[in-house]
Structures are given as C-alpha cells and as structure tokens.
Amino acid sequence: GERLDIGVTSLSPWEQLSRAHRQVAFAEDLLSSWVVESSGLLVGSHAGLRIRDSRWDARQLCVGDVVGVEVSESGELRLEVNGELRASWRAQIPKEARV
C-alpha cells in the first residue's frame with residue numbers, strides 16, 4: 001500500500017549528504033530528524049525515539065486535505081489537517097534546532 005511519512009529535520013539536504021556518509025533510503029534515516037509514519041509512530045535519528053499517537057492515521061486523509069506540521073516552543077511535533085489538530089507527539093525537539 002501507499003505510505004506517507006511527514007516530519008522535520010534541522011539539517012539542509014547538503015548537510016545531510018556531507019554528514020551521513022551513506023545512502024539515505026527512508027526519512028527516518030536522516031540525521032537530526034523527527035518523522036511521523038503513516039501509522040502515527042514518531043521515529044527519528046535519536047536513539048529510542050518511538051512515540052505513538054493513535055489519533056494519526058494517514059489512510060484517513062482525503063483528496064484535497066491540507067496537512068500541516070508544526071513544532072511548538074516546548075519541542076512538541078503537531079500535525080494538523082485542514083487547520084484542525086489531529087495528533088501531537090512530545091518529540092523534545094530542541095529550541096535551538098532550526099527546523
């Protein structure tokens with residue numbers, strides 16, 4: 001089936017390539033990343049980062065939906081659909097991370 005992963009990274013594509021020294025196959029393989037999988041599982045490049053919010057299921061999206069991602073001041077990752085909060089994760093994204 002189809003899959004939609006969405007998230008943020010604090011490194012530019014050029015920084016990713018120069019620092020990774022390996023091929024990146026999936027979004028969660030990116031350095032300094034926080035990625036929500038279609039199933040609502042937050043993963044990333046930080047050891048042990050596995051948080052699920054069962055409210056998020058990308059399969060529930062419809063044609064024309066607008067998906068937004070936001071990082072709060074407290075480092076929380078939030079997903080909205082059509083301006084409505086659908087899910088959030090305590091991702092602990094550092095304030096100094098430029099995402």
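Check the entry above for the structure.
Residues numbered from 1 in each chain as written. Predicted model: local features only at pLDDT ≥ 70, side-chain atom pairs only at ≥ 80, totals over all residues. Heavy atoms only, no water.

### Looking at the pairing of strand S1 (residues 6–9)
Point 1. In S1, alternate side chains face the same way, and those of Ile6 and Val8 are buried while those of Gly7 and Thr9 on the opposite face are not.
Point 2. Note: S1 against strand S2 (residues 33–36), four bridges, orientation antiparallel. Bridge pairing in S2 links Gly7 to Val35. (Buried < 20%, exposed > 50% of the residue type's maximum accessible area, 1.4 Å probe, protein only. Helix = DSSP H or I, 4+ residues; strand = E, 2+ residues; numbered from the N terminus. Pairing = 2+ DSSP bridges.)

### Considering the sheet that holds strand S4 (residues 51–52)
Point 1. Across the sheet, four strands lie side by side as S1-S2-S3-S4; this open sheet has antiparallel pairing. The open sheet has two edge strands with one neighbour each: S1 and S4.

### Overview of the environment of Phe26
Point 1. Structurally, the position occupied by Phe26 is in the loop between helix H1 (13–20) and S2.
Point 2. Residue classification places Phe26 among the partly exposed positions, given a relative accessible area of 47%.

Everything listed here is a matter of coordinates, which is why it stays silent on function.
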